[in-house]
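# Understanding the architecture of this molecule
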Amino acid sequence: MTMARWLMALPLILAVVALSIITAGCGSSTNMAQVRVINAIPDAASALDIDFNGAKAIAGLPFDTVSPAPATPAAYIGLRSGASTIEAFLTGQTTNPVLNSTTANLTTGSDYTVLLAGFAITPAAYLISDTNKAPAAGTVEIRVINGSASSSQQYPGGFDIYFLPQGQSISGNPKISRLTLGQAGPGYVTLPFLSQYVVWVTPHNNTTALISSPYPQSNPQITTLVIVDQPGGVGFSPTLLSLIDLQ
């Protein structure tokens with residue numbers, strides 16, 4: 001299998017050093033970073049076992065799910081800061097990894113989402129920085145991550161994303177433009193508090209709605225939404241993976 005790459009939301013070459021997995025939880029502490037893992041590989045033959053630094057940290061992670069399980073506030077696995085490795089196997093296997101051992105540098109006190117995405121023949125791990133500080137009073141923050149492998153084939157120009165009040169049609173410029181596989185666009189989009197936003201996903205430079213879903217909001221709230229494929233990767237799912245990271 002072709003060596004998979006660990007990719008940042010912006011391109012970056014990372015050094016290779018293995019460290020030990022420490023604990024699970026949320027928040028941060030001295031010399032620690034926090035990670036959670038999303039399995040967005042649509043055509044893997046089974047759920048995935050995830051190793052960090054050569055030790056199994058997550059067992060049997062199904063497609064279109066996150067580990068640790070969704071929680072508010074967001075939950076994470078604690079790792080020593082510095083360079084760390086990740087490897088993914090079909091559940092119960094310890095050879096022929098789906099994702100070969102790859103590395104990234106983790107910063108002390110930082111939280112990350114690791115997105116495993118792409119088709120099983122050439123998957124990648126995307127390291128995306130999380131921010132879990134409460135937004136300013138009267139505002140909410142919403143972030144959209146593209147984890148759809150099929151979108152690279154169907155919509156090579158990426159997606160445009162609109163956040164609109166209920167009942168309002170698409171108009172104006174998208175808040176996120178050209179969102180491609182493994183990317184989180186500009187990161188968190190700060191919006192005035194409304195009890196609900198409708199998230200519209202369209203092809204780039206085309207206002208034809210591919211996805212239109214309402215997401216209730218509290219004051220304050222941070223929401224991460226992930227575009228994923230249907231099982232098997234025949235096309236993207238009309239349902240976004242929704243994570244309420246802070247409320």
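Quick notes on the rules
Residues numbered from 1 in each chain as written. Predicted model: local features only at pLDDT ≥ 70, side-chain atom pairs only at ≥ 80, totals over all residues. Heavy atoms only, no water. Helix = DSSP H or I, 4+ residues; strand = E, 2+ residues; numbered from the N terminus. Buried < 20%, exposed > 50% of the residue type's maximum accessible area, 1.4 Å probe, protein only. Contact = heavy atoms within 4.5 Å. Areas by Shrake-Rupley, 256 points an atom, 1.4 Å probe, with all protein chains shown as cover. Core = buried A, V, L, I, M, F, W, Y, C linked by side-chain atoms within 4.5 Å. Pairing = 2+ DSSP bridges. Axes fitted to C-alpha atoms, helices over the stretch in contact; angles between N-to-C directions. Polar contact = N/O pair within 3.5 Å; in protein donor to acceptor, adjacent residues only side chain to side chain. 1 Å grid on protein atoms, 1.4 Å probe; cavity = no way out; pocket = protein on both sides within 12 Å on 5 of 7 lines; lining within 4 Å. Points joined across faces, edges and corners; volume = space filled by probe spheres on them. Nonpolar A, V, L, I, M, F, W, Y, C, P; charged D, E, K, R; others polar. pLDDT = per-residue confidence, 0-100.

On to the overall build of the protein, then. Across its full length, the protein holds one helix and 19 strands. Here the protein holds 247 residues, and the buried ones make up 51% of them. Of the contacts formed within the protein by residues at least 6 apart in sequence, a portion of 68% connects residues at least 24 apart. Split by element, the accessible area of the protein, about 10500 Å² in all, is 54% carbon and sulfur.

Ranked by internal contacts, the top residues of the largest apolar core, which has 25 residues, are Val35, Leu48, Ile50, Phe52, Ile86, Val114 and Leu116. Contributions of two or more residues to this core are made by strand S3 (32–39), strand S4 (48–52), strand S5 (55–61), strand S7 (76–80), strand S8 (82–90), strand S9 (99–106), strand S10 (111–117) and strand S11 (124–130).

Attention now goes to the sheet that holds S5. Read across the open sheet, the four strands follow the order S5-S4-S8-S9; overall the sheet is antiparallel. Strands with a single pairing partner mark the edges of an open sheet, and in this sheet they are S5 and S9. On average, each strand axis in the sheet is tilted by 20° relative to the strand beside it, whichever way the strands run. Bridge analysis of S4 against S5 gives four bridges, and the strand direction is antiparallel.

We now examine the pairing of S11. Burial within S11 is extensive, with six of its seven residues counted as buried. Alignment of S10 against S11, held across seven bridges, turns out to be antiparallel. The residue of S11 that forms the bridge with Asp111 is Asp130. Hairpin connection of S10 to S11: six residues between the antiparallel strands, including Gly118 at a positive phi of 95°.

Overall, mixed pairing links the four strands, which are arranged S15-S12-S18-S19 in an open sheet. Looking at the sheet topology across the chains shown, the edges are occupied by strand S15 (189–192) and strand S19 (241–246). The sheet shows a mean angle of 25° between the axes of neighbouring strands, taken without regard to direction. Pairing analysis gives five bridges linking strand S18 (residues 222–227) to S19, with the strands arranged antiparallel. Across the sheet, residue Thr224 finds its bridge partner in S19, namely Leu243.

For Thr202, the position within the fold is in strand S16 (residues 196–203). Engagement of the side chain of Thr202 in a polar contact is seen with the backbone oxygen of Asn206, the distance being 2.9 Å. Not counting the four nearest positions on each side in its chain, Thr202 is found in contact with Gly158, Phe159, Asp160, Tyr162, Ile170, Thr207, Thr208, Ala209 and Leu210.

What follows concerns empty space enclosed by the protein. Considering all chains together, one arrives at one cavity of 30 Å³ or more under this definition. Approximately 50 Å³ is the volume attributed to the largest cavity. Lining the largest cavity are Arg36, Val66, Pro68, Ala69, Pro70, Ala71, Ala74, Ala75, Leu243, Ile244 and Asp245. Grouping the constituent residues of the lining of the largest cavity by class yields nine nonpolar, no polar and two charged.

Most of S4 is tucked away: five of the five residues are buried. Side chains Leu48, Ile50 and Phe52 of S4 all project onto a buried face; the interleaved residues Asp49 and Asp51 project onto the opposite face, where all are buried too. Linking S4 to S5, which pair antiparallel, is a turn of two residues; within it Asn53 sits at a positive phi near 55°. Bridging between S4 and S8 involves five bridges; their strand directions are antiparallel. Among the inter-strand pairings, Ile50 is bridged to a residue of S8, identified as Ala88.

Attention now moves to the environment of Tyr155. Structurally, the position occupied by Tyr155 is in the loop between helix H1 (151–154) and strand S13 (159–165). The contacts of Tyr155, once residues within four sequence positions are left out, are Pro203, Leu210 and Phe236.

Quick look at the confidence of the model for the protein now. Taken over all residues, the pLDDT of the protein has a mean of 90, while the share at 70 or more is 88%. When the criterion is pLDDT under 50, residues 1–5 qualifies, and its contacts beyond four places in sequence or with other chains add up to 17 contacts. Scored below 50 in pLDDT, residues 8–28 shows 56 contacts in the model against residues more than four places distant or in partner chains.

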